[in-house]
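Below, each chain spelled out in residue letters.
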2 protein chains.
Amino acid sequence: MNLLLLEAADFVAADRVVLRDRRLTHLHEVHRAEAGECLRVGLLGGQMGQGQLLRLDATEAELKIELQQTPPAKLPVTLLLALPRPKMLRRVLQTVASMGVPKLVLLNSYRVEKSFWQTPFLEPQAIREQLLLGLEQARDTVLPEVIIEKRFKPFVEDRLPQLVAGTRGLVGHPGDYPACPRALSEPVTLAIGPEGGWIPYEVEKLTEAGLQPVQLGDRILRVETAVSALLARLF
Amino acid sequence: MNLLLLEAADFVAADRVVLRDRRLTHLHEVHRAEAGECLRVGLLGGQMGQGQLLRLDATEAELKIELQQTPPAKLPVTLLLALPRPKMLRRVLQTVASMGVPKLVLLNSYRVEKSFWQTPFLEPQAIREQLLLGLEQARDTVLPEVIIEKRFKPFVEDRLPQLVAGTRGLVGHPGDYPACPRALSEPVTLAIGPEGGWIPYEVEKLTEAGLQPVQLGDRILRVETAVSALLARLF
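Residues numbered from 1 in each chain as written. Chains lettered and ligands numbered in written order. Predicted model: local features only at pLDDT ≥ 70, side-chain atom pairs only at ≥ 80, totals over all residues. Heavy atoms only, no water.

If you look chain A up in an unreviewed UniProt entry, it shows as Ribosomal RNA small subunit methyltransferase E from Stutzerimonas zhaodongensis. Under the heading Function (unreviewed entry), UniProt records this for chain A: "Specifically methylates the N3 position of the uracil ring of uridine 1498 (m3U1498) in 16S rRNA. Acts on the fully assembled 30S ribosomal subunit." Word for word, the UniProt comment on chain A under Sequence similarities (unreviewed entry) is "Belongs to the RNA methyltransferase RsmE family." (UniProt positions renumbered as here; feature names shortened; annotations may be inferred.)

Right under this line is the structure:
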(Lines give C-alpha, C1' and ligand atoms only; values in the text may rest on other atoms or scores of the structure.)
Protein backbone atom coordinates (compact mmCIF):
# COMPACT_ATOMS: atom_id res chain seq x y z
CA MET A 1 0.00 0.00 0.00
CA ASN A 2 1.47 3.29 -1.14
CA LEU A 3 -1.24 5.35 0.54
CA LEU A 4 -2.92 4.78 3.90
CA LEU A 5 -6.63 5.33 3.19
CA LEU A 6 -8.65 6.88 6.00
CA GLU A 7 -12.40 7.04 6.47
CA ALA A 8 -14.49 9.55 8.41
CA ALA A 9 -15.07 6.94 11.15
CA ASP A 10 -11.32 6.75 11.85
CA PHE A 11 -11.17 10.34 13.10
CA VAL A 12 -11.13 10.91 16.86
CA ALA A 13 -10.39 14.63 16.45
CA ALA A 14 -10.15 17.03 13.50
CA ASP A 15 -6.51 16.02 12.85
CA ARG A 16 -6.28 12.64 14.62
CA VAL A 17 -7.15 9.12 13.52
CA VAL A 18 -6.99 5.79 15.34
CA LEU A 19 -6.69 2.59 13.27
CA ARG A 20 -7.39 -0.95 14.47
CA ASP A 21 -8.09 -3.11 11.40
CA ARG A 22 -6.10 -4.54 8.46
CA ARG A 23 -4.34 -1.18 8.15
CA LEU A 24 -2.89 -1.66 11.64
CA THR A 25 -1.70 -5.15 10.66
CA HIS A 26 -0.20 -3.73 7.48
CA LEU A 27 1.66 -1.01 9.40
CA HIS A 28 3.17 -3.69 11.63
CA GLU A 29 3.85 -6.49 9.21
CA VAL A 30 4.52 -4.96 5.82
CA HIS A 31 5.43 -1.36 6.51
CA ARG A 32 7.21 -2.20 9.80
CA ALA A 33 6.39 1.36 10.82
CA GLU A 34 7.62 2.99 14.01
CA ALA A 35 6.27 5.88 16.09
CA GLY A 36 7.44 9.23 14.75
CA GLU A 37 7.39 8.13 11.10
CA CYS A 38 5.55 10.14 8.48
CA LEU A 39 3.28 8.24 6.11
CA ARG A 40 1.32 9.19 3.01
CA VAL A 41 -2.37 9.25 3.85
CA GLY A 42 -5.59 10.09 2.05
CA LEU A 43 -9.19 10.58 3.13
CA LEU A 44 -11.48 8.32 1.14
CA GLY A 45 -13.29 10.59 -1.31
CA GLY A 46 -11.21 13.57 -0.15
CA GLN A 47 -7.72 15.02 -0.05
CA MET A 48 -4.34 13.39 0.46
CA GLY A 49 -1.43 14.40 2.67
CA GLN A 50 0.82 13.28 5.53
CA GLY A 51 0.18 11.34 8.72
CA GLN A 52 2.65 11.33 11.58
CA LEU A 53 2.55 8.11 13.55
CA LEU A 54 2.14 9.23 17.17
CA ARG A 55 1.67 5.80 18.68
CA LEU A 56 1.73 2.23 17.42
CA ASP A 57 1.09 -0.85 19.56
CA ALA A 58 -0.46 -4.26 19.13
CA THR A 59 -4.06 -2.97 19.21
CA GLU A 60 -3.98 0.58 17.83
CA ALA A 61 -2.18 3.13 15.71
CA GLU A 62 -2.75 6.84 16.24
CA LEU A 63 -1.75 9.38 13.62
CA LYS A 64 -1.74 13.18 13.36
CA ILE A 65 -3.10 14.04 9.94
CA GLU A 66 -2.54 16.94 7.57
CA LEU A 67 -4.46 16.89 4.26
CA GLN A 68 -3.67 19.50 1.63
CA GLN A 69 -3.20 17.65 -1.67
CA THR A 70 -5.74 16.94 -4.40
CA PRO A 71 -5.90 13.30 -5.56
CA PRO A 72 -4.69 12.58 -9.12
CA ALA A 73 -7.07 13.25 -12.01
CA LYS A 74 -9.21 10.39 -13.30
CA LEU A 75 -9.10 9.28 -16.92
CA PRO A 76 -11.97 10.64 -19.06
CA VAL A 77 -13.33 7.16 -19.69
CA THR A 78 -16.28 4.93 -19.01
CA LEU A 79 -15.16 1.31 -19.23
CA LEU A 80 -17.60 -1.44 -20.22
CA LEU A 81 -16.23 -4.84 -19.40
CA ALA A 82 -17.76 -8.23 -20.10
CA LEU A 83 -17.78 -9.84 -16.64
CA PRO A 84 -14.43 -11.64 -16.24
CA ARG A 85 -14.01 -14.93 -14.36
CA PRO A 86 -14.03 -14.37 -10.57
CA LYS A 87 -10.28 -14.57 -9.99
CA MET A 88 -9.61 -12.18 -12.88
CA LEU A 89 -12.44 -9.90 -11.72
CA ARG A 90 -10.66 -9.16 -8.45
CA ARG A 91 -7.44 -8.15 -10.19
CA VAL A 92 -9.26 -6.19 -12.88
CA LEU A 93 -11.08 -4.16 -10.21
CA GLN A 94 -7.71 -3.26 -8.70
CA THR A 95 -6.30 -2.38 -12.12
CA VAL A 96 -9.31 -0.23 -12.98
CA ALA A 97 -9.07 1.68 -9.70
CA SER A 98 -5.30 2.08 -9.89
CA MET A 99 -5.35 3.38 -13.47
CA GLY A 100 -7.96 6.02 -12.66
CA VAL A 101 -11.10 4.75 -14.37
CA PRO A 102 -14.00 6.66 -12.76
CA LYS A 103 -16.85 4.47 -14.04
CA LEU A 104 -16.94 0.74 -14.75
CA VAL A 105 -19.87 -1.21 -16.16
CA LEU A 106 -19.69 -5.01 -15.70
CA LEU A 107 -21.75 -6.42 -18.50
CA ASN A 108 -23.09 -9.76 -19.58
CA SER A 109 -22.03 -11.27 -22.88
CA TYR A 110 -22.71 -14.55 -24.67
CA ARG A 111 -19.26 -15.86 -23.72
CA VAL A 112 -19.54 -14.94 -20.02
CA GLU A 113 -20.18 -18.22 -18.20
CA LYS A 114 -23.41 -18.02 -16.21
CA SER A 115 -21.64 -19.21 -13.06
CA PHE A 116 -19.48 -16.05 -13.05
CA TRP A 117 -22.53 -14.06 -11.95
CA GLN A 118 -22.79 -16.20 -8.79
CA THR A 119 -19.39 -15.24 -7.38
CA PRO A 120 -19.26 -13.61 -3.93
CA PHE A 121 -16.64 -11.27 -5.43
CA LEU A 122 -19.55 -9.37 -6.99
CA GLU A 123 -20.97 -8.43 -3.56
CA PRO A 124 -20.70 -4.66 -3.03
CA GLN A 125 -18.35 -5.16 -0.05
CA ALA A 126 -16.06 -7.45 -2.05
CA ILE A 127 -15.95 -5.05 -4.99
CA ARG A 128 -15.19 -2.17 -2.66
CA GLU A 129 -12.33 -4.11 -1.06
CA GLN A 130 -10.57 -4.64 -4.38
CA LEU A 131 -11.14 -1.04 -5.46
CA LEU A 132 -9.60 0.17 -2.19
CA LEU A 133 -6.51 -1.97 -2.84
CA GLY A 134 -6.22 -0.32 -6.27
CA LEU A 135 -6.55 3.17 -4.79
CA GLU A 136 -3.94 2.40 -2.12
CA GLN A 137 -1.61 1.09 -4.81
CA ALA A 138 -1.94 4.12 -7.09
CA ARG A 139 -2.33 6.82 -4.40
CA ASP A 140 -5.85 7.91 -5.17
CA THR A 141 -8.79 8.49 -2.81
CA VAL A 142 -11.82 8.46 -5.09
CA LEU A 143 -13.65 5.15 -5.55
CA PRO A 144 -14.76 4.35 -9.10
CA GLU A 145 -18.47 3.82 -9.63
CA VAL A 146 -19.23 0.19 -10.54
CA ILE A 147 -22.46 -0.65 -12.34
CA ILE A 148 -23.62 -4.23 -12.85
CA GLU A 149 -25.64 -5.02 -15.96
CA LYS A 150 -26.68 -8.65 -16.09
CA ARG A 151 -28.63 -8.31 -19.33
CA PHE A 152 -26.74 -7.29 -22.44
CA LYS A 153 -29.55 -6.26 -24.78
CA PRO A 154 -31.61 -3.91 -22.58
CA PHE A 155 -28.43 -2.21 -21.40
CA VAL A 156 -26.96 -1.77 -24.87
CA GLU A 157 -30.24 -0.69 -26.46
CA ASP A 158 -31.71 1.47 -23.71
CA ARG A 159 -28.91 2.86 -21.56
CA LEU A 160 -25.66 2.68 -23.53
CA PRO A 161 -26.57 5.34 -26.13
CA GLN A 162 -26.85 7.97 -23.36
CA LEU A 163 -23.51 6.90 -21.86
CA VAL A 164 -21.84 7.16 -25.27
CA ALA A 165 -23.37 10.56 -26.14
CA GLY A 166 -20.67 13.24 -26.25
CA THR A 167 -17.84 10.67 -26.02
CA ARG A 168 -15.76 8.73 -28.51
CA GLY A 169 -17.17 5.22 -28.44
CA LEU A 170 -14.77 2.31 -29.00
CA VAL A 171 -15.04 -1.46 -28.73
CA GLY A 172 -11.87 -3.52 -28.62
CA HIS A 173 -12.24 -6.47 -30.98
CA PRO A 174 -9.67 -8.50 -32.91
CA GLY A 175 -10.14 -8.41 -36.68
CA ASP A 176 -9.92 -6.24 -39.72
CA TYR A 177 -10.69 -2.96 -37.91
CA PRO A 178 -8.80 0.33 -37.54
CA ALA A 179 -5.99 0.28 -34.97
CA CYS A 180 -6.97 1.60 -31.54
CA PRO A 181 -6.31 5.37 -31.54
CA ARG A 182 -3.65 6.94 -29.31
CA ALA A 183 -3.25 9.88 -26.95
CA LEU A 184 -6.86 11.09 -26.99
CA SER A 185 -7.95 14.03 -24.86
CA GLU A 186 -11.69 13.72 -25.54
CA PRO A 187 -13.84 11.51 -23.27
CA VAL A 188 -14.09 7.87 -24.32
CA THR A 189 -16.53 5.02 -23.79
CA LEU A 190 -14.52 1.82 -24.20
CA ALA A 191 -15.91 -1.73 -24.29
CA ILE A 192 -13.68 -4.77 -23.75
CA GLY A 193 -15.03 -8.25 -24.40
CA PRO A 194 -14.78 -11.55 -22.51
CA GLU A 195 -12.16 -14.27 -22.96
CA GLY A 196 -12.94 -15.50 -26.46
CA GLY A 197 -14.26 -12.09 -27.51
CA TRP A 198 -17.66 -10.60 -28.29
CA ILE A 199 -19.86 -12.58 -30.66
CA PRO A 200 -20.72 -10.86 -33.99
CA TYR A 201 -24.25 -10.00 -32.78
CA GLU A 202 -22.79 -8.17 -29.80
CA VAL A 203 -20.30 -6.22 -31.90
CA GLU A 204 -23.22 -5.23 -34.14
CA LYS A 205 -25.34 -4.07 -31.21
CA LEU A 206 -22.43 -2.15 -29.64
CA THR A 207 -21.76 -0.51 -33.00
CA GLU A 208 -25.42 0.50 -33.30
CA ALA A 209 -25.12 2.08 -29.84
CA GLY A 210 -22.24 4.25 -31.08
CA LEU A 211 -19.08 2.23 -30.41
CA GLN A 212 -16.56 1.82 -33.22
CA PRO A 213 -14.62 -1.49 -33.37
CA VAL A 214 -10.85 -1.06 -33.03
CA GLN A 215 -8.08 -3.66 -32.73
CA LEU A 216 -4.78 -3.96 -30.90
CA GLY A 217 -2.97 -6.34 -33.25
CA ASP A 218 -2.88 -10.09 -33.74
CA ARG A 219 -2.12 -11.00 -30.17
CA ILE A 220 -5.03 -12.06 -27.96
CA LEU A 221 -4.43 -10.55 -24.53
CA ARG A 222 -5.89 -11.59 -21.20
CA VAL A 223 -8.63 -9.20 -20.11
CA GLU A 224 -6.51 -7.64 -17.39
CA THR A 225 -3.61 -7.03 -19.79
CA ALA A 226 -5.97 -5.66 -22.44
CA VAL A 227 -7.47 -3.20 -19.94
CA SER A 228 -4.14 -1.66 -18.97
CA ALA A 229 -2.76 -1.78 -22.54
CA LEU A 230 -5.83 -0.09 -24.07
CA LEU A 231 -6.03 2.60 -21.38
CA ALA A 232 -2.30 3.36 -21.63
CA ARG A 233 -2.56 3.69 -25.38
CA LEU A 234 -5.72 5.79 -25.39
CA PHE A 235 -4.61 8.42 -22.84
CA MET B 1 -5.51 -21.48 -24.56
CA ASN B 2 -6.03 -19.82 -27.93
CA LEU B 3 -3.32 -21.84 -29.62
CA LEU B 4 -2.40 -25.49 -29.13
CA LEU B 5 1.41 -25.47 -28.92
CA LEU B 6 3.17 -28.51 -30.36
CA GLU B 7 6.73 -29.70 -29.89
CA ALA B 8 8.90 -31.82 -32.18
CA ALA B 9 8.48 -34.81 -29.83
CA ASP B 10 4.69 -34.78 -30.38
CA PHE B 11 5.04 -35.73 -34.06
CA VAL B 12 4.44 -39.35 -35.01
CA ALA B 13 4.54 -38.53 -38.74
CA ALA B 14 5.30 -35.44 -40.82
CA ASP B 15 1.72 -34.17 -40.42
CA ARG B 16 0.52 -36.11 -37.35
CA VAL B 17 0.85 -35.42 -33.62
CA VAL B 18 -0.27 -37.41 -30.59
CA LEU B 19 -0.83 -35.55 -27.30
CA ARG B 20 -1.08 -37.11 -23.84
CA ASP B 21 -0.26 -34.40 -21.28
CA ARG B 22 -1.96 -31.23 -19.93
CA ARG B 23 -2.94 -30.35 -23.49
CA LEU B 24 -5.04 -33.51 -23.66
CA THR B 25 -6.69 -32.58 -20.36
CA HIS B 26 -7.32 -29.08 -21.68
CA LEU B 27 -8.90 -30.39 -24.89
CA HIS B 28 -11.29 -32.48 -22.78
CA GLU B 29 -12.08 -30.19 -19.89
CA VAL B 30 -11.82 -26.62 -21.15
CA HIS B 31 -12.12 -26.86 -24.88
CA ARG B 32 -14.57 -29.81 -24.75
CA ALA B 33 -13.24 -30.71 -28.19
CA GLU B 34 -14.67 -33.47 -30.35
CA ALA B 35 -13.18 -35.57 -33.14
CA GLY B 36 -13.40 -33.77 -36.48
CA GLU B 37 -12.93 -30.31 -35.03
CA CYS B 38 -10.30 -27.95 -36.38
CA LEU B 39 -8.06 -26.20 -33.86
CA ARG B 40 -5.45 -23.48 -34.11
CA VAL B 41 -2.03 -25.03 -33.59
CA GLY B 42 1.55 -23.85 -33.64
CA LEU B 43 4.93 -25.56 -33.58
CA LEU B 44 7.03 -24.22 -30.73
CA GLY B 45 9.66 -22.03 -32.35
CA GLY B 46 8.06 -22.52 -35.76
CA GLN B 47 4.96 -21.85 -37.81
CA MET B 48 1.28 -21.80 -36.90
CA GLY B 49 -1.70 -23.34 -38.68
CA GLN B 50 -4.59 -25.76 -38.27
CA GLY B 51 -4.91 -29.13 -36.61
CA GLN B 52 -7.79 -31.46 -37.36
CA LEU B 53 -8.68 -33.64 -34.41
CA LEU B 54 -8.72 -37.18 -35.81
CA ARG B 55 -9.20 -39.00 -32.53
CA LEU B 56 -9.74 -38.00 -28.91
CA ASP B 57 -10.12 -40.43 -26.02
CA ALA B 58 -9.21 -40.57 -22.33
CA THR B 59 -5.52 -41.24 -22.97
CA GLU B 60 -4.62 -39.63 -26.31
CA ALA B 61 -5.51 -37.01 -28.89
CA GLU B 62 -4.32 -37.40 -32.47
CA LEU B 63 -4.31 -34.46 -34.87
CA LYS B 64 -3.53 -33.93 -38.55
CA ILE B 65 -1.45 -30.79 -38.78
CA GLU B 66 -1.00 -28.16 -41.46
CA LEU B 67 1.42 -25.30 -40.71
CA GLN B 68 1.64 -22.38 -43.11
CA GLN B 69 1.40 -19.18 -41.05
CA THR B 70 4.21 -17.07 -39.59
CA PRO B 71 3.84 -16.22 -35.87
CA PRO B 72 3.17 -12.55 -35.02
CA ALA B 73 6.13 -10.15 -34.95
CA LYS B 74 7.86 -9.52 -31.62
CA LEU B 75 8.19 -6.02 -30.15
CA PRO B 76 11.61 -4.40 -30.74
CA VAL B 77 12.35 -4.29 -27.02
CA THR B 78 14.62 -5.71 -24.38
CA LEU B 79 12.85 -5.54 -21.01
CA LEU B 80 14.84 -5.23 -17.78
CA LEU B 81 12.69 -6.02 -14.79
CA ALA B 82 13.62 -5.88 -11.13
CA LEU B 83 12.69 -9.38 -9.92
CA PRO B 84 9.02 -9.24 -8.82
CA ARG B 85 7.62 -11.21 -5.88
CA PRO B 86 7.08 -14.88 -6.83
CA LYS B 87 3.32 -14.73 -7.38
CA MET B 88 3.67 -11.61 -9.52
CA LEU B 89 6.65 -13.14 -11.38
CA ARG B 90 4.49 -15.92 -12.78
CA ARG B 91 1.90 -13.51 -14.16
CA VAL B 92 4.54 -11.11 -15.46
CA LEU B 93 6.20 -13.94 -17.39
CA GLN B 94 2.86 -14.68 -19.05
CA THR B 95 2.30 -10.99 -19.80
CA VAL B 96 5.78 -10.59 -21.26
CA ALA B 97 5.32 -13.62 -23.52
CA SER B 98 1.82 -12.65 -24.58
CA MET B 99 2.76 -9.07 -25.45
CA GLY B 100 5.66 -10.21 -27.64
CA VAL B 101 8.74 -9.23 -25.64
CA PRO B 102 11.62 -11.25 -27.17
CA LYS B 103 14.17 -10.73 -24.37
CA LEU B 104 13.64 -10.30 -20.62
CA VAL B 105 16.33 -9.64 -18.03
CA LEU B 106 15.32 -10.33 -14.40
CA LEU B 107 17.54 -8.09 -12.34
CA ASN B 108 18.36 -7.55 -8.71
CA SER B 109 17.63 -4.22 -7.06
CA TYR B 110 17.96 -2.83 -3.55
CA ARG B 111 14.20 -3.17 -2.98
CA VAL B 112 13.98 -6.78 -4.24
CA GLU B 113 13.62 -8.94 -1.13
CA LYS B 114 16.43 -11.50 -0.95
CA SER B 115 13.91 -14.31 -0.45
CA PHE B 116 12.45 -13.66 -3.92
CA TRP B 117 15.60 -15.21 -5.42
CA GLN B 118 14.86 -18.52 -3.64
CA THR B 119 11.51 -19.14 -5.34
CA PRO B 120 11.08 -22.36 -7.33
CA PHE B 121 9.28 -20.22 -9.94
CA LEU B 122 12.75 -19.13 -11.10
CA GLU B 123 13.70 -22.69 -12.12
CA PRO B 124 14.09 -22.89 -15.92
CA GLN B 125 11.20 -25.37 -16.19
CA ALA B 126 8.88 -23.13 -14.15
CA ILE B 127 9.79 -20.06 -16.20
CA ARG B 128 9.20 -21.98 -19.41
CA GLU B 129 5.79 -23.13 -18.20
CA GLN B 130 4.57 -19.56 -17.65
CA LEU B 131 6.03 -18.38 -20.94
CA LEU B 132 4.21 -21.18 -22.76
CA LEU B 133 0.92 -20.07 -21.16
CA GLY B 134 1.58 -16.55 -22.45
CA LEU B 135 2.33 -17.81 -25.96
CA GLU B 136 -0.82 -19.97 -25.98
CA GLN B 137 -2.86 -16.97 -24.83
CA ALA B 138 -1.51 -14.58 -27.48
CA ARG B 139 -1.08 -17.11 -30.33
CA ASP B 140 2.66 -16.97 -30.69
CA THR B 141 5.17 -19.83 -30.97
CA VAL B 142 8.51 -18.20 -30.15
CA LEU B 143 9.69 -18.35 -26.53
CA PRO B 144 11.24 -15.15 -25.15
CA GLU B 145 14.81 -15.40 -23.90
CA VAL B 146 14.98 -14.91 -20.12
CA ILE B 147 18.27 -13.86 -18.52
CA ILE B 148 18.75 -13.86 -14.75
CA GLU B 149 21.11 -11.25 -13.27
CA LYS B 150 21.41 -11.60 -9.51
CA ARG B 151 23.94 -8.78 -9.13
CA PHE B 152 22.88 -5.29 -10.14
CA LYS B 153 26.20 -3.49 -10.39
CA PRO B 154 28.27 -5.88 -12.55
CA PHE B 155 25.34 -6.29 -14.92
CA VAL B 156 24.62 -2.57 -15.25
CA GLU B 157 28.29 -1.59 -15.53
CA ASP B 158 29.65 -4.42 -17.67
CA ARG B 159 26.82 -5.86 -19.77
CA LEU B 160 24.01 -3.31 -19.97
CA PRO B 161 25.89 -0.76 -22.12
CA GLN B 162 26.20 -3.33 -24.94
CA LEU B 163 22.49 -4.22 -24.66
CA VAL B 164 21.55 -0.54 -24.86
CA ALA B 165 23.86 0.25 -27.80
CA GLY B 166 21.82 1.10 -30.91
CA THR B 167 18.53 1.24 -28.96
CA ARG B 168 16.58 3.94 -27.16
CA GLY B 169 17.25 3.37 -23.47
CA LEU B 170 14.45 4.16 -21.01
CA VAL B 171 13.92 3.59 -17.31
CA GLY B 172 10.42 3.96 -15.87
CA HIS B 173 10.62 5.98 -12.67
CA PRO B 174 8.09 8.25 -10.95
CA GLY B 175 9.23 11.85 -10.54
CA ASP B 176 10.02 15.02 -12.39
CA TYR B 177 11.07 13.33 -15.65
CA PRO B 178 9.84 13.56 -19.25
CA ALA B 179 6.66 11.61 -19.99
CA CYS B 180 7.24 8.16 -21.47
CA PRO B 181 7.35 8.55 -25.27
CA ARG B 182 4.70 7.01 -27.54
CA ALA B 183 4.48 4.99 -30.74
CA LEU B 184 8.21 4.39 -31.26
CA SER B 185 9.46 2.31 -34.15
CA GLU B 186 13.12 2.22 -33.11
CA PRO B 187 14.34 -0.58 -30.80
CA VAL B 188 14.05 0.13 -27.08
CA THR B 189 15.75 -1.07 -23.91
CA LEU B 190 13.24 -0.51 -21.09
CA ALA B 191 13.89 -0.94 -17.37
CA ILE B 192 11.03 -1.25 -14.86
CA GLY B 193 11.75 -1.11 -11.13
CA PRO B 194 10.53 -3.16 -8.16
CA GLU B 195 7.53 -2.38 -5.94
CA GLY B 196 8.68 0.78 -4.18
CA GLY B 197 10.81 1.79 -7.18
CA TRP B 198 14.51 1.98 -7.92
CA ILE B 199 16.68 3.74 -5.33
CA PRO B 200 18.45 6.94 -6.52
CA TYR B 201 21.81 5.12 -6.83
CA GLU B 202 20.21 2.62 -9.21
CA VAL B 203 18.59 5.30 -11.35
CA GLU B 204 22.00 6.98 -11.55
CA LYS B 205 23.76 3.77 -12.62
CA LEU B 206 21.05 2.95 -15.18
CA THR B 207 21.33 6.49 -16.54
CA GLU B 208 25.12 6.12 -16.84
CA ALA B 209 24.53 2.92 -18.80
CA GLY B 210 22.41 4.86 -21.30
CA LEU B 211 18.83 4.69 -19.98
CA GLN B 212 16.83 7.92 -19.75
CA PRO B 213 14.33 8.20 -16.84
CA VAL B 214 10.72 8.65 -18.00
CA GLN B 215 7.49 8.73 -16.00
CA LEU B 216 3.92 7.56 -16.52
CA GLY B 217 2.12 10.06 -14.26
CA ASP B 218 1.38 10.30 -10.54
CA ARG B 219 -0.16 6.88 -10.20
CA ILE B 220 2.03 4.07 -8.88
CA LEU B 221 1.13 0.93 -10.81
CA ARG B 222 1.72 -2.68 -9.89
CA VAL B 223 4.64 -4.13 -11.84
CA GLU B 224 2.40 -6.25 -14.04
CA THR B 225 0.16 -3.29 -14.92
CA ALA B 226 3.20 -1.07 -15.53
CA VAL B 227 4.67 -3.63 -17.94
CA SER B 228 1.59 -3.80 -20.14
CA ALA B 229 0.89 -0.05 -19.91
CA LEU B 230 4.45 0.96 -20.84
CA LEU B 231 4.70 -1.53 -23.71
CA ALA B 232 1.30 -0.48 -25.11
CA ARG B 233 2.29 3.15 -24.98
CA LEU B 234 5.78 2.68 -26.46
CA PHE B 235 4.77 0.59 -29.51
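Q: Would you mind showing me how to read the overall build of chain A here?
A: When helices and strands are counted, chain A shows 6 helices and 12 strands. Overall size of chain A, expressed as C-alpha extent along the three principal axes, is 60 × 40 × 35 Å. Looking at the 235 residues of chain A, the share that counts as buried comes to 54%. Long-range pairs, those at least 24 residues apart, make up 70% of the contacts in chain A with a sequence separation of at least 6. Taken together, the 28 basic and 28 acidic charged side chains of chain A have centroids lying 3 Å from each other. (Helix = DSSP H or I, 4+ residues; strand = E, 2+ residues; numbered from the N terminus. Buried < 20%, exposed > 50% of the residue type's maximum accessible area, 1.4 Å probe, protein only. Contact = heavy atoms within 4.5 Å. Lys, Arg positive; Asp, Glu negative; His and termini not counted. Charge placed at Lys NZ, Arg CZ, Asp CG, Glu CD.)

Q: I keep staring at the environment of Gly36(A) and nothing clicks. Help me out?
A: Residues and elements named next belong to chain A. Its place among the elements puts glycine 36 in the loop between helix H1 (22–29) and strand E4 (38–43). Since its relative accessible area comes to 44%, glycine 36 is described here as partly exposed. Filtering out sequence-adjacent residues up to four positions away, glycine 36 remains in contact with Gln52 and Leu53.

Q: Would you take a moment to explain unusual backbone geometry for this structure?
A: It is generally the case that most residues other than glycine have a negative phi and that most peptide bonds are trans. If you check the backbone angles, Arg139(A) has positive phi at about 65 degrees while not being a glycine. When you line up the elements, Arg139(A) lands in the loop between helix H3 (124–138) and strand E9 (145–149). Phi angles above zero are rare outside glycine, and Arg32(B) is one such case at about 45 degrees. Within the secondary structure, Arg32(B) sits in the loop between helix H1 (22–29) and strand E4 (38–43).

Q: Honestly, the domain arrangement of chain A in this entry has me stumped. Any pointers?
A: Quoted interface sizes are often the accessible area lost when the parts come together. Residues and elements named next belong to chain A. The domain boundaries assigned to chain A delineate domain 1 (4–69) and domain 2 (77–234). Relative placement of domain 1 and domain 2: their C-alpha centres are 33 Å apart. Across the boundary between the two partners, domain 1 contributes 11 residues, which contact 9 residues of domain 2. Of the roughly 840 Å² buried at the junction of domain 1 and domain 2 (both faces included), carbon and sulfur atoms supply 56%. Counting across the interface, domain 1 meets domain 2 through 2 salt bridges. Arginine 22 is the partner of glutamate 136 in a salt bridge, and the nearest nitrogen-oxygen pair spans 2.7 Å. Linking domain 1 with domain 2 are 4 residue pairs in polar contact (both at pLDDT 80 or more). Here the side of domain 1 that touches domain 2 takes 3 residues from E4, the largest share from any one element. A breakdown of the residues in the side of domain 1 that touches domain 2 according to their chemical character gives 4 nonpolar, 4 polar and 3 charged. (Domains from an automatic or database assignment. Buried area = accessible area lost by both parts, 1.4 Å probe. Salt bridge = Lys/Arg side-chain N within 4 Å of Asp/Glu carboxyl O. Polar contact = N/O pair within 3.5 Å; in protein donor to acceptor, adjacent residues only side chain to side chain. Nonpolar A, V, L, I, M, F, W, Y, C, P; charged D, E, K, R; others polar.)

Q: In this structure, what is going on with the interface of chain A and chain B? I would like to understand it.
A: In this assembly, 30 residues from chain A lie in contact with 30 residues from chain B. Summed over both partners, the interface of chain A with chain B buries about 2500 Å², with 46% contributed by carbon and sulfur atoms. Contact with chain B buries surface across chain A, with Arg219(A), Ile220(A) and Arg222(A) losing the most and accounting together for 29% of the total. Scanning the region where chain A abuts chain B turns up 4 salt bridges. In this structure, Asp140(B) and Arg219(A) form a salt bridge, with 3.0 Å as the shortest nitrogen-oxygen distance. Linking chain A with chain B are 19 residue pairs in polar contact (both at pLDDT 80 or more), by the criterion used here. Secondary structure elements with two or more residues in the side of chain A that touches chain B: helix H2 (86–99), H3 and helix H6 (223–234) of chain A. In terms of residue class, the side of chain A that touches chain B is built from 11 nonpolar, 8 polar and 11 charged.

Q: So what exactly am I meant to see when it comes to the pattern of salt bridges here?
A: A side chain of one charge can pair with a side chain of the opposite charge when the charged atoms of the two come close. In total, this model carries 40 salt bridges over all chains according to the counting rule given. Asp15(B) is paired through a salt bridge with Lys64(B); the nearest N and O atoms lie 4.0 Å apart. Pair noted here: Asp15(B) is in the loop between strand E2 (11–13) and strand E3 (16–19) and Lys64(B) is in strand E6 (residues 61–69), with a separation of 49 residues, a long-range link. Assessed through its relative accessible area of 35%, Lys64(B) is described here as partly exposed. Between Lys205(B) and Glu208(B) there is a salt bridge; the shortest N-O distance is 3.6 Å. Highlighted residues: Lys205(B) and Glu208(B), both in helix H5 (residues 200–208), separated by 3 residues, approximately one helical turn. Residue classification places Glu208(B) among the exposed positions, given a relative accessible area of 57%. Connected via shared salt-bridge partners are Asp15(A), Arg16(A), Arg20(A), Arg55(A), Asp57(A), Glu60(A), Glu62(A) and Lys64(A).

Q: Whenever I open this one, the packing of aromatic side chains confuses me. Can you help?
A: We describe a pair of aromatic rings using the distance from one ring centre to the other and the angle between the two ring planes. All names here are of chain A. The tally for this structure, following the rule as stated, stands at 2 aromatic pairs over all chains. An angle of 50 degrees between the planes, with centres 6.2 Å apart, marks the rings of phenylalanine 152 and tryptophan 198 as tilted. With phenylalanine 152 in helix H4 (residues 152–164) and tryptophan 198 in the loop between strand E11 (188–192) and helix H5 (200–208), this pair connects stretches of sequence that are 46 residues apart. Across the pair, tryptophan 198 and phenylalanine 152 agree in class, each one buried. Above the face of the phenylalanine 121 ring, arginine 90 is positioned so that its terminal group lies 4.5 Å from the ring centre. (Phe/Tyr/Trp six-rings, centres within 6.5 Å; stacked < 30°, edge-to-face > 60°. Lys NZ or Arg CZ within 6 Å of the ring centre and 35° of its normal.)

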